[in-house]
Amino acid sequence: QLAVVVERETQQLKHIHSQEMARLKEDMISMANLSESEKMTALEAAHNAEMERRKSQMEASFSRLLQDELQKMKSAHELELKRLAADMESAAFEDKQNLETEAEEHVKSEVNRVTNELQNAHAAEMAKSLDEAKRKFESMLSEEVMRLEESHRAEKERIQLEMKESAAQVL
């Protein structure tokens, strides 16, 4: 499920990247009358702003994803604890009818111990699952950022080359 969400976010970012590249191309054409230095400064500023915007989007997306996953895990944990508590209460009630006071105290003690162990084990499993999901997402995020940076670098070089060729033709 995490991979589906990450893939959806990646596709959305690719679409946004494509739109941004088209916008940058239009900006490049409109800046044809500016000096080479002004063009490079404007391009660099636009590129940096876009990278910051994308980084913020990716961080926000990751944060939302982690919050959603954490909430799902908490809900599942609460339901499991309620189910376990209900199961244990039912068993304890039946035992209570058949056991003497000393046996009742022993059952209550065991119920508390088992519940605590289950809670601790479940909490450890939740932390492990969350860490694994985070590592996977950070790895995919890092790879996507590297691909985007390479794409931006290549596009920037291509646009610079086109600008130089265009400037050479104009001169």
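Residues numbered from 1 in each chain as written. Predicted model: local features only at pLDDT ≥ 70, side-chain atom pairs only at ≥ 80, totals over all residues. Heavy atoms only, no water.

Draft legend 1. Summary view of the overall build of the chain. Summing up its helical and strand segments, the chain has 3 helices and 0 strands in all. Reading the helices (α) and strands (β) of the chain from amino to carboxyl end gives α-α-α. Classification of the 171 residues of the chain by burial places 25% in the buried group. A total accessible area of about 12100 Å² is found for the chain, and carbon and sulfur atoms account for 54% of it. (Helix = DSSP H or I, 4+ residues; strand = E, 2+ residues; numbered from the N terminus. Buried < 20%, exposed > 50% of the residue type's maximum accessible area, 1.4 Å probe, protein only. Areas by Shrake-Rupley, 256 points an atom, 1.4 Å probe, with all protein chains shown as cover.)

Draft legend 2. View of the nonpolar core. Counting 6 residues, the largest nonpolar core consists of Val5, Val6, Phe62, Leu65, Leu66 and Phe137. When contributions to this core are tallied by element, the ones reaching two or more residues are α1 (2-30) and α2 (36-98). The element that contributes the greatest number of residues to this core is α2, accounting for 3 residues. (Core = buried A, V, L, I, M, F, W, Y, C linked by side-chain atoms within 4.5 Å.)

Draft legend 3. Layout of the pattern of salt bridges. Throughout the structure, instances matching the rule amount to 10 salt bridges. For the salt bridge of arginine 23 with glutamate 20, the shortest nitrogen-to-oxygen distance reads 2.0 Å. One end of the pair is arginine 23 and the other is glutamate 20, both in helix α1 and 3 residues apart, which spans about a single turn. Residue aspartate 87 is joined to arginine 83 by a salt bridge in which the shortest nitrogen-to-oxygen separation is 2.6 Å. In this pair, aspartate 87 and arginine 83 are both assigned in helix α2, 4 residues apart and thus about one turn of the helix distant. Residue classification places arginine 83 among the partly exposed residues on the basis of a relative accessible area of 42%. (Salt bridge = Lys/Arg side-chain N within 4 Å of Asp/Glu carboxyl O.)

Draft legend 4. Fine view of the environment of glutamate 89. Tracing the chain through its elements places glutamate 89 in helix α2. Accessibility expressed as a relative area gives 58% for glutamate 89, which makes it exposed. When the C-alpha positions of glutamate 89 and lysine 108 are compared, they lie 9.4 Å apart, and in sequence the two are 19 residues distant.

Draft legend 5. Representation of the side chain of glutamate 20 in the model. The class for glutamate 20 is buried, based on a relative accessible area of 9%. Ignoring any residue separated from it by four or fewer positions in sequence, one finds glutamate 20 in contact with Glu50, Arg53 and Arg54. (Contact = heavy atoms within 4.5 Å.)

Draft legend 6. Layout of the confidence of the model for the chain. Averaged over every residue, the pLDDT of the chain is 81; the share at 70 or more is 89%. No element of the chain has a lower mean pLDDT than α1, which averages 78, and none a higher one than helix α3 (residues 101-170), which averages 87. (pLDDT = per-residue confidence, 0-100.)

Draft legend 7. Just the side chain of glutamate 155, in detail. Its place among the elements puts glutamate 155 in helix α3. Of note is the side chain of glutamate 155, whose polar atom sits 2.2 Å from the side chain of arginine 158. (Polar contact = N/O pair within 3.5 Å; in protein donor to acceptor, adjacent residues only side chain to side chain.)

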